[in-house]
Amino acid sequence: MKGVILAGGKGTRLYPLTKSLNKHLLPVGPEPMIYNPIRNMQACGIKDVLIITSTEHMGDMVNLLGSGSEFGLRFAYKVQDEAKGIADALRLAREFASNENMLVILGDNIFEKPIDYFVKNYNSIQKGKGARVLLVKVSNPQRFGVAALDERKVIEIQEKPENPKSNYAVVGAYIYDTRVFDIIDHIKPSARGEYEITSVNNKYIELGELEYDFVKGRWMDTGTFESYYLANKIMYENYFNKMGIEQS
């Protein structure tokens, strides 16, 4: 399995912090934000990771991360010239994937605990076929893509529904088999002109091959000041506890 970290976009909701810096290079706790998905790639035993970012931030990203040897990984890089959605960015990984399944993580999603169980379950339960998503229970499901479930499969995903069928939001970590690129080739842009990852997931639902796990520990999407502050608070608390540093 190979890994893909999507770290593009302009981060406009965090302006002016992102005026001259890629959002994924902002600190979360004692490390840059993008270190969290990198740590998860390590935890999942993945060695080859593609990082997709925007043209204006590629230099900063490479300067920070280099070849990946610091992490015991091998990094490759691609530029998404125009922000046309998550599925469009993932399309750039076709050659990199080279007929292997992929773990895809959005670079602004922070997981308190490693998601190694996610990959283990995909390999053991689904035998490397189909797709798998991570879900978390939220108090405001109207803000998210929300999954309706049976005992093992996702049976529907509603995008920011007024009347959600569950409180389980789909977070920014996905596993796909090699068919994902053919699926992306056949989806249509949404009303906002983007190729949505929900469209990809819904195709796997049609095939009866989208299964799920629940996030262990806390999860944060750092796209707003509120969630960015919370992510820093949690990750610093964990760091201080790990180091045995008493907090005042």
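For the structure, see preceding data.
What counts, and at which threshold
Residues numbered from 1 in each chain as written. Predicted model: local features only at pLDDT ≥ 70, side-chain atom pairs only at ≥ 80, totals over all residues. Heavy atoms only, no water. Phe/Tyr/Trp six-rings, centres within 6.5 Å; stacked < 30°, edge-to-face > 60°. Helix = DSSP H or I, 4+ residues; strand = E, 2+ residues; numbered from the N terminus. Buried < 20%, exposed > 50% of the residue type's maximum accessible area, 1.4 Å probe, protein only. Lys NZ or Arg CZ within 6 Å of the ring centre and 35° of its normal. Salt bridge = Lys/Arg side-chain N within 4 Å of Asp/Glu carboxyl O. Patch = residues over 30% accessible without salt bridge, like charges linked within 9 Å, V, L, I, M, F, W, Y side chains within 5 Å. Areas by Shrake-Rupley, 256 points an atom, 1.4 Å probe, with all protein chains shown as cover. Contact = heavy atoms within 4.5 Å.

### Focus on the packing of aromatic side chains
- Taken as a whole, this structure holds 10 aromatic pairs when the rule is applied.
- Look at Phe144 and Trp219: their rings are 6.1 Å apart centre to centre, the planes differ by 65 degrees, and that puts the pair in the edge-to-face class. In this pair, Phe144 sits in the loop between β8 (131-137) and β9 (145-149) while Trp219 sits in strand β13 (residues 219-221), placing the two residues 75 residues apart along the sequence.
- Taking relative accessible area as the criterion, Trp219 reaches 14% and is therefore assigned buried.
- Summarising the aromatic geometry, the rings of Tyr236 and Phe240 are spaced 5.8 Å apart at their centres and angled 20 degrees between planes, so their arrangement reads as stacked. Placement of the pair is Tyr236 and Phe240 together in helix α8 (residues 225-243), with a separation of 4 residues, close to one helical turn.
- A relative accessible area of 33% means that Tyr236 is categorised as partly exposed.
- The ring centre of Phe96 lies 4.9 Å from the NZ or CZ of Lys2, which sits over that ring.
- Above the plane of the ring of Tyr195 lies Arg91, whose end atom (NZ or CZ) is 5.0 Å from the centre.

### Re unusual backbone geometry
- Looking along the chain, the bond that leaves Tyr15 and enters Pro16 is cis, with omega of 10 degrees.
- As for its position among the elements, Pro16 is in the loop between β1 (2-7) and β2 (27-28).
- Of note in the backbone geometry, Asn99 takes a positive phi value of approximately 65 degrees without being a glycine.
- Note on placement: Asn99 falls in the loop between α4 (94-97) and β6 (102-106).
- For Asn99, a relative accessible area of 71% corresponds to the exposed category.

### Examining the pattern of salt bridges
- Counting across every chain of the model gives 20 salt bridges.
- Note that Arg218 is salt-bridged to Glu112, the shortest N-O span being 2.8 Å. In this pair, Arg218 is assigned in the loop between β12 (210-214) and β13 and Glu112 in the loop between β7 (109-111) and α5 (116-125), connecting sequence segments 106 residues apart.
- Owing to a relative accessible area of 37%, Arg218 belongs among the partly exposed residues under this scheme.
- For Arg152, the salt bridge goes to Glu211, with nearest N and O atoms at 3.1 Å. On the criterion of sequence distance, the pair formed by Arg152 in the loop between β9 and β10 (154-159) and Glu211 in strand β12 is long-range, its members being 59 residues apart.
- Since its relative accessible area comes to 45%, Arg152 is described here as partly exposed.

### Examining a nonpolar patch on the surface
- The grouping of Tyr236, Tyr239, Met243 and Ile245 at the surface amounts to a nonpolar patch, some 360 Å² of accessible area in total.
- Structurally, Ile245 can be placed in the segment after α8.

### As for the side chain of Glu211
- Judged by its relative accessible area of 4%, Glu211 is buried.
- With sequence-adjacent residues up to four places away left out, Glu211 is seen in contact with Ile125, Gln126, Ala131, Arg132, Val133, Arg152, Lys153 and Val154.

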